[in-house]
Amino acid sequence: MTIVTPGIVPASVLLAEPRPAWLGEWARFGSSLAFEALSPRLVTQAKLVMLDCVGAIAAGMQEPEMRALVRRLARRGQGGVAAIGAGLSLRGDDAAFVNGVAGTALELDEGNQFARGHPGIHVLPAALATALAAGRGGTELLTAFVLGYEIGARVGAACRLRPTVHPHGTWGTIGAAFAAARVDGADERALAETINVSATLSVGASLRAMLEGATVRNGFCGFSNRNGLAAWDLVASGFVGEIDAVRSVYGSILAEGFRPEAMAEELGSRFEIERNYFKRHAACRFTHGALDVVTALLAELGSLPPRDIAGIEVETYAYAAQLDSAEPANMLAARFSLPFAVATTVVNGEASVPAFRRKAVADETIRALARRVTVRENAEFTAMLPAKRPARLTVRLADGRVLTRETMTNRGDAADPYTPDEVRAKFFDLTVPVWGEAHAKRVHSAIETIETAESLAGLNTLLGEPPRKDA
């Protein structure tokens, strides 16, 4: 049969396509990888990412809408998985959902610059919920977490999401599903099927939500965790997916330019979790190069009063330059406003969580300075992605002086990493206000030694600790 309308491919052609070779490689790799094959360095890194995710979740869970969401979900039935930092346990799917949502609420979750997204927080809640239900121990959880992170990050790196699509809720669904399937004992065939089924359950998330400050955006990661669990439930019950759903979704629907060869390149010898980044600035990662320059300039000068600044020009790469709105409507929009992020860092001395709260967003000194910040793309900087994330700031002072500083990387990237102690310090900064120092140390110790745990029940109990009344 001949079809003349462009873009419509006959079923006979589609159905003749073979299953991709990389899918079989991944299914074999995922089913056979043993914890003992993970290097000590990789295990240490996986635990550090897990610790960072837990800290981001516990702190994010204290937001008013998160507390309300947990109470609402608890009305339809509590369960055995902690809503981390909430003091309540929920059904596994509900806990995975709220933990994913909370983990992105403060824009402090770790990420991967090559995947252009945040694999860890898309995978850990689903993996933990499944491990608890299946009675698994720490080594099983760690191995599944590494695998889920790996496949999600590789899909992200192998494609180019459409400019209108937010990365949250997309390929992270595949990572969540794969981790859940692995920890639940899926065989090679089931793992391959899980990849295909989960790809079609990815969320078509709008990038505009983050720019407007539409807080539904925080839910996207929660849906990846919940949909990942649903994908594995479907496969375990006998449902099947497309022959090559990853290419269908990430080659033409949510993204384009999918490169299948990237999925198995150096598989087993290069792990994406070791090329991740950690965040200290509580704002979109695309702002971090500029914020690193601002904080370094503040350290150099001692102070930089807003009244002395005539204007600030930011040159950066395309995705960062897109964040040019100087009039954020709320806390979330402020985190995705490069002018506001620069201005609030100048005024507050750091891009901390309070620097983006309602009081700061309403501060006229900050808003007036933000209106004096201009942003433009430097095409040469865009061409350096993803290996580098450049930003150049030119600060024009009222007395006529001009200060120009630049960076090619972000602090926390694999090329300029935070030390493990700095990441641990961030964990305590986030969790001590929630649980107090003694309990935060207990959680830290449980994660640092998780490979020795035959059961995760103890960790779950620690994560279910109620927050302090003043949290």
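Parameters and conventions
Residue numbers run consecutively from 1 along every chain, following the written order of its sequence. Side-chain atom pairs in this predicted model are given and counted only at pLDDT of 80 or more, local residue features only at pLDDT of at least 70, and totals for whole chains, interfaces and linings cover all residues. As a convention, hydrogens and water are excluded, and side-chain values are obtained from all of the structure's heavy atoms. In these notes, a set of buried Ala, Val, Leu, Ile, Met, Phe, Trp, Tyr and Cys residues joined through side-chain atoms within 4.5 Å is what counts as a nonpolar core. Buried means the residue's accessible area, taken with a 1.4 Å probe over protein chains only, is under 20% of the maximum for its type, while exposed means over 50%, and partly exposed covers the values in between. Every residue pair with non-hydrogen atoms within 4.5 Å of one another is taken to be in contact. Strands pair, by our definition, only if DSSP identifies at least two bridges between them. Going along the chain from the N terminus, every DSSP run of H or I of four or more residues is numbered as a helix, and every run of E of two or more is numbered as a strand. The pairing test for Phe, Tyr and Trp rings, Trp by its six-membered ring, is centres within 6.5 Å, and the orientation test on the planes gives stacked under 30 degrees, edge-to-face over 60, and tilted for anything in between. For a lysine, the NZ atom is tested; for an arginine, the CZ atom; a charge sits over a ring if that atom is within 6 Å of the ring centre and within 35 degrees of the ring normal. In this scheme, patches are assembled from residues that exceed 30% relative accessible area and form no salt bridge. Like charges are connected within 9 Å, while nonpolar side chains (Val, Leu, Ile, Met, Phe, Trp, Tyr) are connected within 5 Å. For accessible areas, the Shrake-Rupley method is used with a probe of radius 1.4 Å. Any residue's cover is judged against the shown protein chains and nothing else. By definition, a salt bridge exists where a carboxyl oxygen of Asp or Glu is found within 4 Å of a side-chain nitrogen of Lys or Arg. Helix axes are fitted to C-alpha atoms over the stretch in contact, other axes to C-alpha atoms as well, and angles between N-to-C directions run from 0 to 180 degrees.

Another aspect to go through is the nonpolar core. In terms of nonpolar packing, the biggest core is built from 105 residues, with Trp22, Trp26, Val98, Ile195, Val246, Tyr250 and Leu463 touching the most fellow members. Beyond its immediate stretch of four places on either side in the chain, Val98 contacts Met61, Met66, Leu69, Val70, Leu73, Ala83 and Leu90. Ile309, Leu338, Ala360 and Ala391 belong to the second largest nonpolar core, which has 47 residues in total.

Bridge analysis of strand β1 (residues 78–83) against strand β2 (residues 88–90) gives four bridges, and the strand direction is antiparallel. Looking at the pairing, Ala82 lines up with Ser89 of β2. Between β1 and β2, which pair antiparallel and follow one another directly, the connecting turn spans four residues, one of which, Gly85, has a positive phi of 90°.

This brings us to the packing of aromatic side chains. This structure, assessed with the given rule, holds 10 aromatic pairs. A ring pair is formed by Trp26 and Phe29, whose centres lie 5.5 Å apart and whose planes are at 85°; its orientation type is edge-to-face. Of the two residues, Trp26 and Phe29 both sit in helix α2 (residues 21–32), three residues apart, roughly one turn of that helix. Look at Trp26 and you get buried, because its relative accessible area is 0%. For the pair Trp26 and Phe178, a centre-to-centre distance of 5.4 Å together with 90° between the ring planes defines the contact as edge-to-face. Taken together, the positions of Trp26 in helix α2 and Phe178 in helix α8 (residues 172–183) put the pair 152 residues apart, joining distant regions of the chain. Phe178 matches Trp26 in its accessibility class, with the two residues each being buried. Linked through ring pairs, Trp26, Phe29, Phe178 and Phe271 together constitute an aromatic cluster. One cation-aromatic arrangement involves Arg275 over Phe114; the distance from NZ or CZ to the ring centre is 3.8 Å.

Here the focus is a nonpolar patch on the surface. A surface patch of nonpolar side chains, about 360 Å² in accessible area, is lined by Val9, Val13, Leu14 and Leu15. By the secondary structure assignment, Leu14 is in helix α1 (residues 11–14). Exposure remark for Leu14: the relative accessible area of 43% places this residue in the partly exposed category.

A word on the sheet that holds strand β7 (residues 391–397). Strand order in the open sheet formed by four strands is β6-β5-β7-β8, and the pairing between neighbours is mixed. Lying at the two open borders of the sheet, with one neighbouring strand each, are β6 (373–377) and β8 (402–407). With strand direction ignored, the average angle separating the axes of adjacent strands in the sheet is 15°. In the sheet, strand β5 (residues 309–316) pairs with β7 via seven bridges, with the strands oriented antiparallel. Pairing of Glu313 across the sheet is with Thr394, part of β7.

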